[in-house]
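Structure assessment
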Amino acid sequence: MLNCPRRGLVMAMPSDIEAKTRATTPVASPMPDAETEARRFIDPSGKLLQPVTKAWAPPEQLERLYHAMVLTRAFDEKAIALQHTGRLGTYPSSLGQEAVAVGIAAGMAAEDILLPAFREHGAQLWRGVAMLELLLYWGGDERGSDFKKARVDFPVSIPVAAHFPHAAGVALALRLKATRNVAVCVGGDGATSKGDFYEAINIAGAWKLPAVFVVNNNQWAISVPVHAQTAARTLAQKAVAAGIEMDRVDGNDVLAVLDAVERAAARARSGDGPTLIEAVTYRLGDHTTSDNARRYRSDEEVSRHWIEEPIARLRAHLTNTGYWTKEREEDLHSQCSAAVEEAVAAYLATAAEPPSAMFDHLFATLPAPLKRQCDLATAEATSHD
Ligand SMILES: Cc1ncc(C[n+]2csc(CCOP(=O)(O)OP(=O)(O)O)c2C)c(N)n1
Ligand SMILES: [Mg+2]
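Here the structure is a predicted model, which is why all the values come from computation and not from measurement. (Residues numbered from 1 in each chain as written. Chains lettered and ligands numbered in written order. Predicted model: local features only at pLDDT ≥ 70, side-chain atom pairs only at ≥ 80, totals over all residues.)

1. Comments concerning unusual backbone geometry
Positive phi is not limited to glycine here, since Lys208 has a value of about 50°. Structurally, Lys208 is set in the loop between helix 7 (195–206) and strand 5 (211–217). Of note, Ile222 is a non-glycine position whose phi angle comes to about 50°, a positive value. Topologically, Ile222 is positioned in the loop between strand 6 (220–221) and strand 7 (224–225). Given 14 C-beta atoms within 10 Å, Ile222 falls into the partly exposed group. (Helix = DSSP H or I, 4+ residues; strand = E, 2+ residues; numbered from the N terminus. Buried ≥ 20, exposed ≤ 12 C-beta atoms within 10 Å, placed from the backbone.)

2. Some remarks on the domain arrangement of the protein
Domain assignment breaks the protein into domain 1 (29–353) and domain 2 (358–385). Distance between the C-alpha centres of domain 1 and domain 2: 37 Å. (Domains from an automatic or database assignment.)

3. Notes on the site of ligand 1
Around ligand 1 lies a shell of 16 residues, among which Val160, Gly188, Gly190, Ala191 and Ala221 are the nearest. Elements that contribute at least two residues to the shell around ligand 1 include exactly strand 4 (183–188) and strand 6. Residue composition of the shell around ligand 1, by class: 7 nonpolar, 6 polar and 3 charged. (Near = placed C-beta within 6 Å. Nonpolar A, V, L, I, M, F, W, Y, C, P; charged D, E, K, R; others polar.)

4. Comments concerning the nonpolar core
Ranked by size, the top nonpolar core spans 90 residues in total, and within it Val184, Ala211 and Val261 carry the most contacts. Considering every element that reaches this core, the biggest residue donor is helix 2 (residues 59–84), with 11 residues. For Ala211, the residues in contact, after removing those within four places along its chain, are Ala167, Ala168, Ala171, Val182, Ala183, Cys185, Ala204, Ala268 and Pro274. (Core = buried A, V, L, I, M, F, W, Y, C linked by C-beta atoms within 7 Å. Contact = placed C-beta atoms within 7 Å.)

5. Regarding the sheet that holds strand 5
Here we have 5 strands laid out as an open sheet, ordered 3-4-5-9-8, and parallel in their pairing. Each edge of the open sheet is held by one strand with a lone partner, namely strand 3 (113–115) and strand 8 (245–250). Mean inter-strand twist for the sheet, computed between neighbouring axes without regard to direction, equals 20°. When strand 4 meets strand 5, the two strands line up parallel, connected through 6 bridges. For Gly188, the partnering residue across the bridge sits in strand 5 and is Asn216. With respect to the sheet, helix 10 (residues 254–269) is in contact with strand 4, strand 5, strand 8 and strand 9 (275–280), its orientation differing from that of strand 8 by roughly 165°. (Pairing = 2+ DSSP bridges. Axes fitted to C-alpha atoms, helices over the stretch in contact; angles between N-to-C directions.)

6. Structural notes on the pairing of strand 5
The buried fraction of strand 5 amounts to 7 of the 7 residues, a majority that puts the element mostly inside the structure. Burial along strand 5 is two-sided: the residues Ala211, Phe213, Val215 and Asn217 and Val212, Val214 and Asn216 are all buried. The handedness of the strand 4 to strand 5 crossover, carried by helix 7, is right-handed. Where strand 5 lies against strand 9, 6 bridges are found, and the strand directions are parallel. The residue of strand 9 that forms the bridge with Asn216 is Ala279. (Right-handed = clockwise from strand over helix to strand, strands pointing away.)

7. Some details on the confidence of the model for the protein
When pLDDT is averaged along the protein, the result is 91, and 91% of the positions lie at 70 or above. By mean pLDDT, strand 1 (residues 2–4) is the weakest element of the protein at 32, and strand 3 is the strongest at 99. Taken as a whole, residues 1–34 scores under 50 in pLDDT and shows 43 contacts with residues more than four places along the chain or in a different chain. (pLDDT = per-residue confidence, 0-100.)

8. Points about helix 14 (residues 368–384)
Taking 1.5 Å per residue, 17 residues should reach 24 Å; helix 14 reaches 25 Å between its end C-alpha atoms and fits that length. With 0 of 17 residues buried, helix 14 is to be regarded as a mostly surface element. (Expected span 1.5 Å × (residues − 1).)

9. Some words on the packing of helix 3 (residues 98–107) against helix 10
Following both chains from N to C, one finds helix 3 and helix 10 inclined at 35°, their axes separated by 7 Å at the closest point. Between helix 3 and helix 10 lies a crossing of right-handed hand. Note on element contacts: helix 10 touches helix 3 through Val254, Val257, Leu258, Val261, Glu262 and Ala265, opposite Ala99, Val100, Val102, Gly103, Ile104, Ala106 and Gly107. (Left-handed = near helix turned anticlockwise from the far one by under 90°.)

10. Here's the deal with the packing of helix 5 (residues 131–138) against helix 13 (residues 326–348)
The axes of two packed helices give the description: the angle between them and the distance between them. Running from N to C, helix 5 and helix 13 point in directions that differ by 50°, and their axes come no closer than 9 Å. One finds that helix 5 runs oblique with respect to helix 13. Crossing handedness for the pair helix 5 and helix 13: right-handed. Of the residues in helix 13, those in contact with Met131, Leu132, Leu135 and Leu136 of helix 5 are Ala339, Val340, Ala343, Val344, Ala346 and Tyr347. For the contact of helix 5 with helix 13, the class distribution of residues is 10 nonpolar, no polar and no charged. (Parallel < 35°, antiparallel > 145°, perpendicular 65-115°, else oblique.)

This is the structure:
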């Protein structure tokens with residue numbers, strides 16, 4: 001064991017990390033302490049701590065953000081139910097992290113390019129990806145990545161951090177094409193432990209690329225808590241080595257996330273280079289529908305973080321200002337569940353592609369071994385018809 005005085009924690013050596021990260025390991029609180037403060041506009045009670053920019057101050061604008069988060073949560077709940085009843089593949093819930101996704105998308109310009117990880121459903125929906133497309137994708141149908149809108153956004157990246165170098169490449173392309181657009185890349189805390197992450201922020205810094213990297217720090221990478229992954233005091237500070245700007249915000253405050261992304265995108269647009277933003281939040285759900293988080297963290301820890309969750313705090317704020325009412329809340333929930341039900345009906349009515357579809361698009365002419373596999377898959381499927 002190692003003593004880590006700055007944290008006041010006992011850090012495990014690699015050999016005993018596995019055992020020690022289960023159940024008993026303390027987790028950093030998303031409440032910022034003095035040394036690692038995360039900027040916020042609205043506190044968990046709904047109190048406004050600093051003025052909101054003119055563009056987002058009107059209650060109708062805040063309602064848009066609130067609506068998007070409630071819709072994301074309604075989608076999430078349904079997706080989990082579909083998976084549990086065998087109608088969707090493995091699905092990663094974004095419960096409690098809606099403000100990160102919605103804040104990122106709301107802070108981007110429509111012409112910017114989003115490179116999401118796999119928990120940013122709310123960002124994709126805001127950017128115009130159809131709920132039906134999300135369902136198709138998570139149901140194993142690649143047509144779900146062929147977005148009708150948001151044509152140039154990237155599909156979900158399941159490989160952790162693999163899309164960070166792509167983001168640097170996209171940013172370089174945007175620069176070469178002399179656009180004023182920005183590549184916005186999102187990854188988890190776990191992604192910041194990968195080489196791809198460091199390589200991408202390094203080259204983006206060296207070439208002053210128009211990129212914004214957002215770390216969705218939900219405190220866990222499956223069963224590994226942040227402090228078992230890194231000795232860095234914050235994930236934002238990883239920007240220092242790359243010589244790029246950094247920001248650290250309360251990821252449960254949608255206004256703080258969108259403000260950070262807007263500022264970073266503005267800097268990138270004016271040629272001032274990339275920014276690394278850490279949005280500190282908490283994964284309230286299991287890692288995915290294949291996980292059982294109770295095996296490695298306590299119910300008490302999870303309940304503690306429910307107090308911070310992003311939807312309740314924006315609702316509290318809107319209610320405090322007198323704008324939001326019980327009727328509006330009920331209306332919104334009916335609208336969201338109708339939108340989800342409509343997408344689910346369309347998804348369930350979509351005929352599956354033939355198994356041969358998985359061989360499409362990669363080769364103009366299939367190599368012989370793949371051709372044989374394709375023929376076999378087709379014959380097997382036909383025999384079940
Ligand atoms: C390159 C790679 N290695 C391992 C995995 C398996 N895996 C899936 S998600 C995950 C943890 C990711 O943690 P984090 O980046 O914090 O994102 P979160 O799931 O918390 O949103 C791992 C190890 C993977 N998908 N890709
Ligand atoms: Mg994580």
